[in-house]
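A look at the structure
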Amino acid sequence: MLPKINKIGVLTSGGDSPGMNAAIRSVVRTCAFHSIECIGIYRGYQGMIEGDFKEMGPRSVNNIVNKGGTILKSARSKEFMTAEGRKKAFDNLKKAGVDALVVIGGDGSFTGAEVFNKEYGFPVMGIPGTIDNDIFGTSHTLGYDTALNTVVEVIDKIRDTAISHNRLFFVEVMGRDAGHIALNTGIGAGAEEILIPEEDLGLERLLESLKKSKESGKSSSIVVVAEGDKIGKTVFELKDYVEENMPEYDVRVSVLGHMQRGGSPSCFDRVLASRLGVKAVESILEGKSNFMVGLLNDKVALTPLEQAIKGHTEIDKELLRVSDIMST
Ligand code: F6P
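Computed from a prediction, not measured in an experiment: that's the story for all the values here. (Residues numbered from 1 in each chain as written. Predicted model: local features only at pLDDT ≥ 70, side-chain atom pairs only at ≥ 80, totals over all residues. Heavy atoms only, no water.)

**Quick look at the packing of aromatic side chains**
By convention here, two paired aromatic rings are described through the distance between centres and the angle between planes. As a reminder, the rule being used: Stacked, tilted and edge-to-face are the three classes applied to pairs of Phe, Tyr and Trp rings, where Trp contributes its six-membered ring and a pair requires centres within 6.5 Å; stacked means planes under 30 degrees apart, edge-to-face means over 60, and tilted covers the rest. Only DSSP runs of H or I reaching four residues or more are called helices, and only runs of E reaching two or more are called strands; each is numbered from the N terminus. Burial status follows relative accessibility: with a 1.4 Å probe on protein chains alone, a residue under 20% of its type maximum counts as buried, one over 50% as exposed, and anything between as partly exposed. We count a charge as sitting over a ring when the NZ of a lysine or the CZ of an arginine lies within 6 Å of the ring centre and within 35 degrees of the ring normal.
Tallied over the entire structure, the rule returns 7 aromatic pairs. Here Phe80 and Phe116 contribute two aromatic rings whose centre-to-centre distance is 5.7 Å and whose plane-to-plane angle is 45 degrees, an arrangement assigned as tilted. Of the two residues, Phe80 sits in the loop between β3 (53-55) and α3 (83-95) while Phe116 sits in helix α4 (residues 107-120), which places them 36 residues apart along the sequence. Ring centres of Phe116 and Phe122 lie 5.6 Å apart, and the angle between their planes is 55 degrees; on these two criteria the pair is classed as tilted. Across the pair, exposure class does not vary: Phe116 and Phe122 are buried alike. Chaining the aromatic ring pairs together yields one cluster made of Tyr45, Phe80, Phe90, Phe116, Tyr120 and Phe122. The residue whose ring lies beneath Lys214 is Tyr249, and the NZ or CZ to ring-centre distance is 4.4 Å.

See below:
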């Protein structure tokens with residue numbers, strides 16, 4: 001006998017990403033399509049603890065498919081890491097008549113959902129929302145495609161001034177401890193070198209590569225550095241190191257920061273968000289719980305939440321080889 005689901009809660013948690021609003025819209029509209037009520041929970045798990053809820057009908061998500069950020073806001077909640085906090089949250093959900101929860105976020109958010117389910121048997125479903133693309137069980141997380149295009153556009157602009165002044169730029173990009181953004185945008189923007197945590201290039205090889213670029217006639221260079229890179233120097237220290245060892249280089253640094261998290265989601269992210277929202281709600285209605293919905297071989301697929309949390313997304317070795325060849 002399937003548990004009767006009359007009302008589904010949805011929240012966004014962790015770092016926001018473009019496409020989260022499109023996913024919220026999809027969850028709300030899929031609930032309405034199936035005559036299920038939907039409750040928006042503000043500020044992630046912290047809002048669940050405080051009972052910061054809002055009834056959401058299909059019209060409440062008008063004109064947000066193209067908006068970056070999240071209308072439900074996001075937060076990281078230390079209180080939800082405590083049993084007391086989770087008890088308050090559970091009591092609030094029951095009082096509001098919520099029967100299941102859709103969590104849009106990263107692996108940290110899914111860990112909270114998993115613990116909550118284990119403690120209360122409360123049905124949970126995850127939608128991968130982070131620009132890092134570091135979640136196992138999906139080829140794309142929500143916001144990743146948009147972030148790639150944002151970063152490539154910015155690096156193209158930086159290249160204009162690098163060329164004009166014959167400069168070397170170190171450009172730091174986000175990704176927490178994954179190099180997916182750095183590797184793909186480095187190739188897309190024609191960077192001479194890409195530093196990622198998954199492959200330690202080392203300082204000597206970096207200098208050699210820059211020397212080779214110079215000798216091959218390149219008068220300006222771009223090095224894309226993943227924020228989690230393990231070379232052992234910050235981008236500012238890399239600047240100093242190169243200036244000391246290669247005085248012929250005029251070096252500058254750009255740290256792109258949180259602009260990578262904003263902006264109107266790409267069409268890809270809007271479609272992905274719409275597909276994942278439908279799958280998340282309909283999986284709950286089929287009596288499923290503790291899964292993450294994701295995209296695998298362009299098909300929407302379910303991955304057990306535990307695997308999504310514990311799994312690791314490998315860097316594409318073929319892409320590494322392409323980036324080496326492109327910097328010839
Ligand atoms: O996880 C998404 C992300 O943007 C990472 O790429 C970055 O390291 C982190 O969030 C920044 O966190 P905060 O928004 O708390 O500064």
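Okay, back to it.
**Focus: the pattern of salt bridges**
So the rule is basically this: Salt bridges are counted wherever a side-chain nitrogen of Lys or Arg sits within 4 Å of a carboxyl oxygen of Asp or Glu.
Inspection of every chain in the model, using the stated rule, returns 21 salt bridges. A salt bridge links Glu50 to Arg43; the nearest nitrogen and oxygen atoms lie 2.6 Å apart. Take Arg43: its relative accessible area is 24%, and that puts it in the partly exposed class. Sharing partners across several salt bridges, the network here consists of Asp107, Asp132, Asp134 and Arg176.

**Regarding the domain arrangement of the protein chain**
Just so we agree on the cut-off: Domain extents, as shown, originate in an automatic or database domain assignment. Throughout, a residue-residue contact means that at least one pair of heavy atoms, one from each residue, lies within 4.5 Å. What qualifies as a polar contact is a pair of N or O atoms within 3.5 Å, subject to a donor-acceptor requirement within protein and to the restriction that residues adjacent in sequence count only when both atoms come from side chains.
As assigned here, the protein chain comprises domain 1 (7-143 + 265-310) and domain 2 (146-261). Look at where the C-alpha atoms of domain 1 and domain 2 centre, and you get two points 35 Å apart. Counting from both sides, the interface comprises 13 residues of domain 1 and, opposite them, 11 residues of domain 2. Linking domain 1 with domain 2 are 4 salt bridges, by the criterion used here. In this structure, the connection of domain 1 to domain 2 is made through 7 residue pairs in polar contact (both at pLDDT 80 or more).

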